[in-house]
Amino acid sequence: MIPLLKRIIRTGIISRKLPAILADVPAAQAPQAGEHERLQDEILNILGRALTIREVDAGSCNGCELEVHALNNPYYNLEGRGIKFVASPRHADMLLVTGPVTRNMENALKVAYDCTPDPKLVVAVGDCGGGCGEVGPMFAENYASCGKVSNVIPVDVFVPGCPPTPAALMQGILAAIKGSKG
Amino acid sequence: MTTFFDEPIEFTLQEGVGAPVWLGTVPDGEALEAFAVSVHKNDGRIAAIWGSDERLRGNGFRLVVVFGFESGHLQVSLDLPADKPVYPDLSGIFATANRMQRATRDMVGIASVGGDQRPWLRHGAWPADWYPLRHDAGEGQSWPNEPSDYAFLQVGGEGAHEIPVGPIHAGIIEPGHFRFSVIGERVLRLEQRLGYQHKGVEKRFIGLALDGGARLVGRISGDSTCAYAWAYASAIEAACDVEPTGRALGLRALVLERERVANHLGDLGMLGNDAAFSFGLSQFFRLKEDWVELSGRLFGHRFMMDRIVPGGVSQDLDADGLAAITEQCIVIEKEVRALKRIYDEHAGLQDRFLTTGPIGPELVRELSLTGMAARASGVMLDGRAWRQDYTPPPPYAGLGVRPAVDERGDVAARVEVRFLEVFESLRLMQKLAASLPGGPVRLEVPPKPDAQGLGVIEGWRGEVVVGVALDGRGKLARVHPHDPSWQIWPALEHAVLRDIVPDFPLINKSFNLSYTGVDL
Ligand code: SF4
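Residues numbered from 1 in each chain as written. Chains lettered and ligands numbered in written order. Predicted model: local features only at pLDDT ≥ 70, side-chain atom pairs only at ≥ 80, totals over all residues. Heavy atoms only, no water.

Peer 1: Explanation requested: the interface of chain B and chain A in the structure shown.
Peer 2: Where interface size is given, it is often the accessible area lost as the parts come together that is meant. Counting residues at the interface gives 60 residues for chain B and 52 residues for chain A. Summing both partners gives a buried area of about 4500 Å² for chain B against chain A, and 61% of it is carried by carbon and sulfur. In this structure, the connection of chain B to chain A is made through two salt bridges. A salt bridge links Glu134(A) to Arg215(B), with the shortest nitrogen-to-oxygen separation between them at 3.0 Å. Remark: the boundary between chain B and chain A carries 30 residue pairs in polar contact (both at pLDDT 80 or more). (Contact = heavy atoms within 4.5 Å. Buried area = accessible area lost by both parts, 1.4 Å probe. Salt bridge = Lys/Arg side-chain N within 4 Å of Asp/Glu carboxyl O. Polar contact = N/O pair within 3.5 Å; in protein donor to acceptor, adjacent residues only side chain to side chain.)

Shown next, in the form of structure tokens:
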């Protein structure tokens, strides 16, 4: 127990300040200064509670999942900012979907979408999910793939990258929330 | 020419600097079966099975079986007539051949005579008599997506019932279907049905240039992008007679070991979390973030995709970069040692880890397991380390890799092996950084028409095998990437027996197998 306590004390709180995260993304995409402070308020305004996300891997190479996982590391600390990943689409405000959608996952993704209560947000993740960049076309429609996510369910926001960095993912999630408000 | 196990099949050693591979052909199915029996008797294993359509080259179809054995790998090809492409079922000799044979039938229409005939990758998105990898299959067709009935094996008995899980799971993980048969909470049987991630990767390789193939192979399983890229590059280099420089090989090992450490750090955190110790998750995820962040800074990509390419690597490191790697290794080692003490002393964790999800060395051999899963059950098999009759490929031959082995075979053993492998990789990286030779990092690779090659790399899960064949124009005619998860998935079906359903996530995570790597 002693080494455990020592470690907790030594590590302290390391959650990165949002401006530091957003500094990692190209200036053109970065939201206005001060916006980060309103993130939690904004979520509360829109939803009256924490934002809940159901992640669906519809055919990714699992690279995108590595970065979605990173969102919950102590630096990005998504949960600490009022955004929670949940197990059921029925409890989700947002679907975060990776992959090209495989034909073997097409039905499961549609069911997850239908189970998500309205109003729902869909964020498509990665060049595969958006069918763009150099990688998207590599996984375009064929006998086994439906291609990008929007070929199967309506998409509100798309986050490019292969995989997108955690910072880009946070921005995409933010953009979807703001879009739904305005 | 060499022969093995007193079988009348002549093999030639593949040229080049990759892991030792011998190539041979068998005249007929009977000879293949006899050879498989001999491999089995000599403690060998199945490393991969695939098929190809050779009709455009004036032949019928070809079945390729790669065996692993004490000294390396044996690639055995069997040509089959175009009008009757069948071969003897090997799953009676190597149980692990079952799913590979079914996938080969789904993809190319080469079938085993006897054995499990249920489809594997084909769920209902295309018809049973259409085979995507046949040259006359065409492009761009699609059929109505008919959900198919899959005949799960039934478990009878009073009080037994079934719990179907997936394809979408509760966490942020890949899709797959698990069917548990249980009595109360006890698991009597688990049957997996995978293939949900099948996106037609093997078909996408056909006709690509070598560099396009490198990009695609690096996206088969993102957590193993470096291992795949190296195995592919190694196969291409063997086919096209190119030997990468010592500097390129050293840099490849650096990124491969970085990949190994990144995955072990993440999984050690997840394992803590699955055993109700969220402190472990936040600590290990902090270290993992530091780790991939430096990868991003030095290599321009957090997971180092596209850094290993045919001919070498696409990015050099300067002295500052090497120093940063060494420095980080020292810091991370200290931190992980401290966390190991905490894990080792935490009664709650050890209680969940010990004796949970056991597999024994017999099962490891029976199912042809490799990698961390094999070593955590006492089977010393590591392509980076010397064995009595095995010389590891450079740069590992000169590094004196000390493989981590644990006899226990349970979750605790897999946790222990992951810890030990982190420490060993950190040591290797420092050694590599201190002794990296000079010279260019990338050579031209002129494609050699109609050539073939096989690459084998010890990835963080186990052996990643990539077979390539070039066409008459020097483009890719066939690429088969093989993930070690093929063999380990069936072992998971055994590992959960007698444990309770709530232990499944922990056991599953202790292996953390790839879905996309086997679904392709
Ligand atoms: S975008 Fe890149 S990382 Fe994400 S699933 Fe596609 S290939 Fe993998």
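Still to come is the rest of the account.
Peer 1: Sorry if this is basic, but what is going on with helix α14 (residues 504–511) of chain B here?
Peer 2: It helps to recall that an α-helix has 3.6 residues per turn; residues three or four apart then point in one direction. Residues and elements named next belong to chain B. By the criterion of burial, α14 is predominantly enclosed, with seven of the eight residues buried. The complete set of buried residues in α14 reads Phe-504, Leu-506, Ile-507, Asn-508, Lys-509, Ser-510 and Phe-511. Just beyond α14, the residue with positive phi is Asn-512, at close to 45 degrees. (Buried < 20%, exposed > 50% of the residue type's maximum accessible area, 1.4 Å probe, protein only. Helix = DSSP H or I, 4+ residues; strand = E, 2+ residues; numbered from the N terminus.)

Peer 1: I keep staring at the sheet that holds strand β9 (residues 177–183) of chain B and nothing clicks. Help me out?
Peer 2: Strand pairing in a sheet takes place through backbone hydrogen bonds and is either antiparallel or parallel in direction. Residue and element names in this part refer to chain B. Strand order across the open sheet formed by three strands is β8-β9-β10, with antiparallel pairing between neighbours. Among the strands making up the open sheet, the edge pair consists of β8 (160–165) and β10 (186–193). On average, adjacent strands in this sheet sit at an angle of 20 degrees to one another, irrespective of strand direction. Two strands pair when backbone bridges link them, and β8 and β9 are joined in this way by six bridges, in the antiparallel orientation. For Pro-164, the partnering residue across the bridge sits in β9 and is Arg-179. (Pairing = 2+ DSSP bridges. Axes fitted to C-alpha atoms, helices over the stretch in contact; angles between N-to-C directions.)

Peer 1: Whenever I open this one, the packing of aromatic side chains confuses me. Can you help?
Peer 2: Aromatic rings in a pair are described by how distant their centres are and how their planes are angled relative to each other. Residue and element names in this part refer to chain B. This model, assessed by the stated rule, comprises 25 aromatic pairs over all chains. Relative to Trp-489, the ring of Phe-178 lies with its centre 6.0 Å away and its plane at 40 degrees, an arrangement referred to as tilted. Remark: Trp-489 occurs in helix α13 (residues 485–495) and Phe-178 occurs in strand β9; sequence separation between them is 311 residues. Phe-178 sits in the buried class, given a relative accessible area of 1%. (Phe/Tyr/Trp six-rings, centres within 6.5 Å; stacked < 30°, edge-to-face > 60°.)

Peer 1: Looking at this model, I keep getting lost on the confidence of the model for chain A. Mind explaining?
Peer 2: Should pLDDT be low for a region, the predicted coordinates there are not to be read in detail. Residue and element names in this part refer to chain A. Taken over all residues, the pLDDT of chain A has a mean of 82, while the share at 70 or more is 73%. Confidence, read as mean pLDDT per element, is least for helix α2 (residues 18–22) in chain A (44) and greatest for strand β4 (residues 121–125) (97). Note that pLDDT drops below 50 for residues 17–36; the model gives that stretch 25 contacts with residues more than four away or on any other chain. (pLDDT = per-residue confidence, 0-100.)

Peer 1: How do you make sense of the packing of helix α8 (residues 319–345) of chain B against helix α12 (residues 411–434) of chain B when you look at a structure like this?
Peer 2: Any two packed helices are characterised by how steeply their axes cross, that is the angle between the axes, and by the distance between the axes. All names here are of chain B. At their nearest, the axes of α8 and α12 sit 9 Å apart, and the two run at 160 degrees to each other. With respect to their mutual orientation, α8 and α12 come out roughly antiparallel. Between α8 and α12 the crossing geometry is left-handed. For the pair α8 and α12, the contacting residues are Leu-322, Thr-326, Cys-329, Ile-330, Ile-332, Glu-333, Val-336, Arg-337, Leu-339, Lys-340, Tyr-343 and Asp-344 in the first and Val-415, Glu-416, Phe-419, Val-422, Phe-423, Leu-426, Met-429, Gln-430 and Ala-433 in the second. Considered class by class, the residues forming the contact of α8 with α12 number 14 nonpolar, two polar and five charged. (Parallel < 35°, antiparallel > 145°, perpendicular 65-115°, else oblique. Left-handed = near helix turned anticlockwise from the far one by under 90°. Nonpolar A, V, L, I, M, F, W, Y, C, P; charged D, E, K, R; others polar.)

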